[in-house]
Amino acid sequence: MQLTLWTYEGPPHVGAMRVATAMKGLHYVLHAPQGDTYADLLFTMIERRDQRPPVTYTTFQARDLGSDTAELFKTACQAAYDRFKPDAMIVGASCTAELIQDDPGGLALALNLPVPVVPLELPAYQKKENWGAAETFYRLARAFAGPRAPRPGTPRPARVSGTRPRCNLLGPTALGFRNRDDVAEIAKLLETIGVDVSVTAPMGATVDDLSRLGDADFNVVLYPEIAGVTAQWLERAFHQPSTKTVPLGVVATRAFIAEVASLAGIEVAAALSAIDTGRSRLPWYSRSVDSTYLTGKRVFIFGDATHALAAARIAHQEFGFAVVGLGTYSREFARDVREAAKAYGIEALITDDYLEVEAKVAELQPDLVLGTQMERHIAKRLGIPNAVISAPVHVQDFPARYAPQMGFEGANVIFDTWVHPLMMGLEEHLLAMFKGDFEFHESAAPSHLGHSANAQQAGLDRLDQAATAAMDHAGNNSVSWETDAEKELSKIPFFVRGKARRNTERYATERGLQLVTVETLYDAKAHFSR
Amino acid sequence: MTLIAMRSPSDSPMGCDNRPVLRQRGQREVFCGLTSIVWLHRKMRDAFFLVVGSRTCAHLVQSAAGVMIFAEPRFATAIMDERDLAGLADANDELDRVVTRLLERRPDIKLLFLVGSCPSEVIKLDLARAAERLSQRFLPEVRVLNYSGSGIETTFTQGEDACLAALVPQMPSEPANAGKSLLVVGALADIVEDQFRRLFENLGISTVAFLPARAASDLPAVGPNTQYLLAQPCLGDTARALDARGAKRLSAPFPLGVEGTTEWLRAASIAWDVPSDRLVETVRGPQARARQALQRHRELLAEKSIFFFPDSQLEIPIARFLARELGMNVIEVGTPYLHQQHLSNEISYLPESVRLSEGQDVEMQLDRCRSSNPDIVVCGLGLANPLEAEGLTTKWSIELLFTPIQGYDQAADLAELFARPLVRRATLEV
């Protein structure tokens, strides 16, 4: 039993819904009690979909438990077929139906429906949403592409000369973070370098499309959490290699193009030169002098593994930030995240406990938090600038405008998104110099984000308290401050004051000093500025 | 603990109005009772709601709470995992551990509800016994109670009913020499509660209490001298529990709109022998104010047709208000559960042409809705955008629960909730 305030992932059947909703002509019959239809609103409200997800719920009640819930399932399944006439169906159980063990798969097959039925086993008490999506996609790919797989040992026929190489784009689903625009951006990029997209799946795919998965020369795995398992199976069944680089950030996009070129048998240099890099603005924006102020900003990163890993890379290599925290709720990818964290000299936070993430943010006092909507709330509460980089996300993260994360345009979007919440370069300096000025006073927020000034100050106060509490907890808050030192500390700009306090106290503790004086403050400053 | 069967309509005594009710069985597009935690935890400020359930339950409450993410909410889920189900871990020991951790974190909590869910009911986890055990351990600081908000037993606002019903046995008994007292039952916004308190005072009814109270320690007393008015139409079990404590229900329509509010106050006035001219005098000002405010909306809403999907059980009283005070043409009123006795006053006020439906087959109801092409559809969040995309105008029913709508001074606010989507549709040129 796990105490949970907020969850990063829903149950696995919600993952199956994300796949079914993304596809065309597929219908999902879910054995579930009243209430489970809440999941519809994730799609209709958060993603603003204009159609209900293609899901029929059986809605069994307590009084059915003693009689025949199996019959109820069969009735609902038949009615769903009659009404929606889908090309294929998936059937399964939500958490409660799993307990009553009605075997939706067997029941649906017994109906002899004129369309293929794919049963799903999604253990609700062990697994979560992304796993459910990955498993559903894999089962569907096997069911529809599987029959066309060559006999084991048959080598893959060479591509007919003169034809353009073809790939599948795998992984985009409903409710995914910026999946709609990532697909458009990467498809455009592939087209430019001379690669055709054979099938994009699950998003927009029909079951007929799925049956053609084996036709492509290779697979582009956009979201390993969703498509990793399917890509591995396609590799085994069809000898289709797949990309390992996720094109998030400029460096990764270049590496991705090189990887695609080598899989497609295209000249890498030619592929790279086909791209109009003039539209890739991140490199120059990051080198331009105004961005100097981004140097060494302490950033905390949390999300699904793919986006968290990419954000850490981008933060370090492309923004010049210092990655002070890195974590994920995707336990399946914990090893990759741990390794990456080690490279930044930190320990990865692998958890799906929101409180643990919040405690870590409070302890680290970063300058910027990059995370999911949960971290947005944490950061808002603590008054720290933040940007969203990963699902789960809320309605505002499905923007009307074109805003991919992947490819060169994605990197441009990321530059704007991450820099926007921060204080502008010169503004930061003025604040330090003219502290106490009526406009540049210490509780002033970034001038382009005027309204949040008070929230930010309140947040900083809470942050201070949280940090103090954390230190109390650790039992090392034996240091007290002389009045003059406290006064001097208050002259330090608010956005670095927490850090100054922390460093000074650490300095004092390490030297066994009980009392911080003005001298200690500057000694510590000198010590840490080395 | 045994499963409580879903109350079937045949269990309820029929009211005097025996009009036909359409009952269909199929997919229900409604929330389960857990969802009522979203407003109950705001109302009871020192209570914490711990759902004992699955990841689905946690995800549901979080999604229903939507953007209302509080720093640290006073609800959570103890998510059962495989070990709990396989009996590898004693679920009771696990629950004790979770509750202990929770109460250590939150010393401000005085009342803890263990809320049963579909999975906890199906595996027959005895939360009543668990609550008793934990109460013994944590009293006097924290009282632990339990109720079920499971979807196999409760729909949306029935969660409030189950919660309040669990509170009733905890209410102190009124002293032997107690005078007459009035109890208002059902969660109301604080501002509405205060308005009603003033109205009752002006009527000379001074001993008035509200259930739920804002603080756990303020539970009102109950006994044979208590008469109660229901402020919400979803409170069948709570009423039964109050009856068992000797309290008497005052039959009345619900305090929605000028008419409903007046009749609701009149029921109390009659029981307290308030002279009728004092009632008239007390409500004259507020009534006039409300009617004037309603006039503007009436111009827009009169003759417009409306179709209700089932959601909160507020559908029938609201339809009555819209039909009688705003002149709307009500096509169908769907309600998840129809308590004939508590709603007999309301139903008799509804025009004969209104189709009543209880329960739901959402696909068939959507067919009826489309074919009747109403000017406005009241439905849940899962249906609203798809119906808008089809060209229908919708009002999200959940807003009816998160907005103060009861009483005279909220009557126009209630009307405005229906006017806004129409005004918006008329304004937009895209």
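Keep in mind it's a predicted model, so treat the numbers as computed, not measured.

Caption draft 1: Expanded view of the environment of A:Val183. In this structure, A:Val183 sits in helix α8 (residues 179-192). Apart from the residues within four sequence positions on either side, A:Val183 is in contact with A:Leu169, A:Pro172, A:Thr200, A:Met203 and A:Leu222.

Caption draft 2: Fine view of the domain arrangement of chain B. Residues and elements named next belong to chain B. According to the domain assignment, chain B consists of domain 1 (32-154), domain 2 (181-277) and domain 3 (293-429). On a C-alpha basis, the centres of domain 1 and domain 2 stand 29 Å from each other. Carbon and sulfur atoms make up 54% of the surface buried where domain 1 meets domain 2, a total of about 640 Å² over both sides. Broken down residue by residue, the surface that domain 1 buries against domain 2 is led by Lys43, Arg45 and Asp46, which jointly contribute 71%. For the interface between domain 1 and domain 2, the tally reads three salt bridges. Taking the shortest distance from any N to any O, the salt bridge between Asp190 and Lys43 comes out at 2.8 Å. Summed over the shared surface of domain 1 and domain 2, the result is six residue pairs in polar contact (both at pLDDT 80 or more). Take the side of domain 1 that touches domain 2: its biggest share by element is three residues, from helix α1 (residues 37-43).

Caption draft 3: Quick look at the interface of chain A and chain B. Listed per partner, the contact involves 59 residues of chain A and 68 residues of chain B. Note on chain A versus chain B: buried area summed over both sides is about 5600 Å², and carbon and sulfur give 61% of it. Counting every contact that joins chain A to chain B gives five salt bridges. In this structure, B:Glu363 engages A:Arg52 in a salt bridge whose closest nitrogen and oxygen atoms are separated by 3.1 Å.

Caption draft 4: Focus on the sheet that holds strand β5 (residues 117-119) of chain A. All names here are of chain A. One open sheet holds the four strands; their spatial order is β3-β2-β4-β5, and the pairing between them is parallel. If you trace the sheet from one side to the other, it starts and ends with β3 (55-57) and β5, each paired once. Geometrically, the sheet is characterised by an average inter-axis angle of 20 degrees between neighbouring strands, direction not taken into account. Sheet topology note: the strand β4 (residues 88-93)/β5 ladder contains three bridges and is parallel. By the bridge assignment for β5, Val91 is matched with Pro119. Where helix α4 (residues 69-84) meets the sheet, it contacts β2 (26-31), β3 and β4, and its direction lies at approximately 160 degrees from that of β2. Against the sheet, helix α7 (residues 129-145) makes contact with β2, β4 and β5, and its axis sits at roughly 140 degrees relative to β5, the strand it touches most.

Caption draft 5: Inspection of the sheet that holds strand β12 (residues 368-371) of chain A at higher detail. Residues and elements named next belong to chain A. Here we have five strands laid out as an open sheet, ordered β11-β10-β9-β12-β13, and parallel in their pairing. Looking along the sheet, the strands with just one partner apiece sit at the ends: β11 (349-350) and β13 (386-388). Where strand β10 (residues 322-328) lies against β11, two bridges are found, and the strand directions are parallel. When the bridges of β11 are listed, Gly327 appears paired with Leu349.

Caption draft 6: Geometry of helix α15 (residues 334-343) of chain A. Residue and element names in this part refer to chain A. For α15, the full list of buried residues reads Ala334, Val337, Ala340 and Ala341. The buried side chains of α15 occupy one side of the element, clustering within an arc of 130 degrees when seen end-on. Opposite its buried face, α15 presents the exposed residues Arg335, Glu339, Lys342 and Ala343, each directed more than 90 degrees away. Positive backbone phi, at 70 degrees, marks Gly345, one or two positions downstream of α15.

Criteria and cut-off values
Residues numbered from 1 in each chain as written. Chains lettered and ligands numbered in written order. Predicted model: local features only at pLDDT ≥ 70, side-chain atom pairs only at ≥ 80, totals over all residues. Heavy atoms only, no water. Helix = DSSP H or I, 4+ residues; strand = E, 2+ residues; numbered from the N terminus. Contact = heavy atoms within 4.5 Å. Domains from an automatic or database assignment. Buried area = accessible area lost by both parts, 1.4 Å probe. Salt bridge = Lys/Arg side-chain N within 4 Å of Asp/Glu carboxyl O. Polar contact = N/O pair within 3.5 Å; in protein donor to acceptor, adjacent residues only side chain to side chain. Pairing = 2+ DSSP bridges. Axes fitted to C-alpha atoms, helices over the stretch in contact; angles between N-to-C directions. Buried < 20%, exposed > 50% of the residue type's maximum accessible area, 1.4 Å probe, protein only. Arc of directions from axis to C-beta.

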